[in-house]
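This is what each chain is made of:
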Amino acid sequence: MSLKRCITGKAKRGKTDADRAKFASDLFDHHRARYDGRMSDADADAAAGAAVIRILGEQLVRRTENAARTRRIADDIVRFGEGYRTAQGEPRLGRALLAVLNRDIKDQTGRTNVWSRSEAILRQAHAHLGVLVEKYRPHIGGFTRNVMSQRNLIRELSMETTGDAVAAAAARAYRETDNLLVDRFNAAGGNIQRRSVLGGLQTHDMLRVMEKPRDEWVDYVLPRLNPAHMIDDSTGLPMSAVTLRRFVEGAYDEISTGGWATREPVFAMGQQTLANTRQFARELHFLNADAWMEYQKKFGAASIYDATTKHIHDMAMDIALLEVLGPNPRAMVFYMAQLIEKDAAGKGAKLVKRARKDIYALHRDFDELTGKTAVPVHVTLANAMSATRNMLTSALLGSATIMALTDIVTQGMAAKFNGLSAVRVWVNV
């Protein structure tokens, strides 16, 4: 009897969850199709069954490890919250749990939080990116530097040889950095499969994507993807045509809604936590450098330098979220909110109101860290404070902007004295 018949029988008798049974059955069909016509039906059933058992076993191990990791982190957060005291010696659970995400208001906890962890990871990553940052960072005024070499960098990242030594060195530095970050992400309970380096290097202009109907955008993207690198995480194999199209449609939904299409992950079969995958839009693996550049020209929002640095920044934040909050950070934040609510229950209206404010701040801070906050909490206040900052800057600095131009002149004079071209020095400012 094949494994699929066994799974179907158990589902009918109520001995296994229907969603899990469907997942295992679909997984069997996916693998069975690979062997169809290459061996006998009995051998194909056996090979597909063995693959399903292996994959389900690996997933079970990963889920068990991540469940234990989540429990350890939750217990650590509870202990920290119970032991937290304000400068006046008052217990304040809400403020303590806010300090798990960001710096404490008095910076007195000495605890690593998500923000500080991400900054530390980012600095370590930047230390490995020396040549890329040095050669491709924007000019003063934000103008793109070394445009042709940046295009060569894309080709080098897609394993093409361009003869550009700078681009080759920058590509090596980026690949090494990306590998280090992937290793750390997976060590924290993640599950990133190593594929093309260009897979993580996308920036999307939400408005330009929104201008196209979903089917038109999907039809444009699909021929430019590398099917061999578009792996189905549930099977470990390249996606089928149907699965791939569904995946790209999910990418469109995520990009066109600014991430709100996947805003509320839940603990259920078929739903993905941060540990299992990153966002759809970050997992589009293009066929080659030309396909990547075509997409970026039509729907992208940044240069290759901006794309690489943004990817490193996003990875640093994702790793920090996993290490500090566990495999499902948003679920942990909801758990923390419940701790605050329970702590205030039955202690009077004043503490309940304060708890509600702390819970609101917790969710807003988490959305800010993960890039989900599209607008300021209070737009009018934000605009007023921005105007005030500009006025104070102009009043305090006065003619500093004009005086700063003399630095450029001084650099040019120093270059002349040393037999160098002043123009070349200014170009590289």
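Residues numbered from 1 in each chain as written. Predicted model: local features only at pLDDT ≥ 70, side-chain atom pairs only at ≥ 80, totals over all residues. Heavy atoms only, no water.

A. Expanded view of the overall build of the protein. Within the protein, the secondary structure is distributed over 18 helices and 2 strands. Carbon and sulfur atoms form 56% of the exposed surface of the protein, whose accessible area is close to 23800 Å². (Helix = DSSP H or I, 4+ residues; strand = E, 2+ residues; numbered from the N terminus. Areas by Shrake-Rupley, 256 points an atom, 1.4 Å probe, with all protein chains shown as cover.)

B. Main features of the pattern of salt bridges. Throughout the structure, instances matching the rule amount to 18 salt bridges. With its nearest N and O atoms 3.1 Å apart, the salt bridge here joins Arg71 to Asp75. Within this pair, Arg71 and its partner Asp75 are both found in helix α3 (residues 41–83), separated by 4 residues, close to a single helical turn. When salt bridges with common partners are traced through the structure, they connect Asp215, Asp219, Arg245 and Glu249 into a single cluster. (Salt bridge = Lys/Arg side-chain N within 4 Å of Asp/Glu carboxyl O.)

C. Main features of the packing of α3 against helix α4 (residues 93–101). Between α3 and α4, whose axes approach to 8 Å, the crossing angle comes to 135°. Judged by the inter-axis angle, α3 sits oblique to α4. Crossing angle aside, the handedness with which α3 passes α4 is right-handed. Across the interface between the two elements, Ile77, Phe80 and Gly81 from α3 touch Leu93, Ala96, Leu97, Ala99 and Val100 from α4. (Axes fitted to C-alpha atoms, helices over the stretch in contact; angles between N-to-C directions. Parallel < 35°, antiparallel > 145°, perpendicular 65-115°, else oblique. Left-handed = near helix turned anticlockwise from the far one by under 90°. Contact = heavy atoms within 4.5 Å.)

D. Local environment of the packing of aromatic side chains. Evaluation of the coordinates by the stated rule reveals 6 aromatic pairs. Look at Tyr220 and Phe299: their rings are 5.5 Å apart centre to centre, the planes differ by 75°, and that puts the pair in the edge-to-face class. With Tyr220 in helix α10 (residues 214–221) and Phe299 in helix α12 (residues 289–299), the pair connects residues that are 79 residues apart, well separated along the chain. Among the residues examined, Tyr220 registers a relative accessible area of 17% and is labelled buried. Here Phe299 falls in the buried class, since its relative accessible area comes to 2%. The ring of Tyr220 has Arg224 sitting right over it, with the charged end atom 3.8 Å from the ring centre. For Lys298, the ring lying beneath its charged end belongs to Tyr220, and the centroid distance is 5.6 Å. (Phe/Tyr/Trp six-rings, centres within 6.5 Å; stacked < 30°, edge-to-face > 60°. Buried < 20%, exposed > 50% of the residue type's maximum accessible area, 1.4 Å probe, protein only. Lys NZ or Arg CZ within 6 Å of the ring centre and 35° of its normal.)

E. Molecular detail of the packing of α10 against α12. Interhelical geometry of α10 versus α12 gives an angle of 155° and a closest axis separation of 11 Å. Judged by the angle between their axes, α10 and α12 are roughly antiparallel. Counted together, Trp217, Tyr220 and Val221 of α10 and Glu294, Tyr295, Lys298 and Phe299 of α12 form the full contact between these two elements. Of the residues in the contact of α10 with α12, the class split is 5 nonpolar, no polar and 2 charged. (Nonpolar A, V, L, I, M, F, W, Y, C, P; charged D, E, K, R; others polar.)

F. Structural detail: the environment of Gly300. Within the secondary structure, Gly300 sits in the loop between α12 and α13 (304–325). For Gly300, the residues in contact, after removing those within four places along its chain, are Thr203, Asp205, Arg208 and Tyr295.

G. Broad picture of the nonpolar core. With 79 residues, the main nonpolar core has Val114, Leu153, Trp217, Tyr295 and Leu325 as its most contacted residues. With 13 residues, the top contributor of residues to this core is α13. Excluding its chain neighbours within four sequence positions, the residues that come into contact with Leu153 are Leu132, Tyr136, Ala167, Ala170, Ala171 and Ile304. (Core = buried A, V, L, I, M, F, W, Y, C linked by side-chain atoms within 4.5 Å.)

H. Looking closely at the environment of Ala125. With respect to the helices and strands, Ala125 occurs in helix α5 (residues 114–128). Using a relative accessible area of 4% as the deciding quantity, one classes Ala125 as buried. Considered as a pair, Ala125 and Ile312 are 187 residues apart in the sequence and their alpha carbons are 7.3 Å apart.

I. Quick peek at unusual backbone geometry. Positive phi outside glycine occurs at Met159, with the angle close to 70°. Within the secondary structure layout, Met159 lies in the loop between α7 (147–157) and α8 (165–187). Its relative accessible area of 64% is what places Met159 among the exposed residues.

J. Representation of the confidence of the model for the protein within the structure. Across the protein, pLDDT averages 79, with 75% of residues at or above 70. A low-confidence stretch, residues 261–272 stays under pLDDT 50, and its non-local contacts, those more than four residues away or across chains, total 20 contacts. (pLDDT = per-residue confidence, 0-100.)

K. Local environment of a nonpolar patch on the surface. On the surface, a cluster of nonpolar side chains totalling about 280 Å² of accessible area is made up of Met206, Leu207 and Met210. The residue Met206 is located in helix α9 (residues 206–210) in this model. The class for Met206 is partly exposed, based on a relative accessible area of 34%. (Patch = residues over 30% accessible without salt bridge, like charges linked within 9 Å, V, L, I, M, F, W, Y side chains within 5 Å.)

L. Representation of α4 in the model. α4 sits mainly inside the fold: 8 of its 9 residues count as buried. Residues Leu93, Gly94, Ala96, Leu97, Leu98, Ala99, Val100 and Leu101 constitute the buried set of α4. Contact partners of the buried residues in α4: α3, α5, α13, α14 (329–344) and α15 (349–369).

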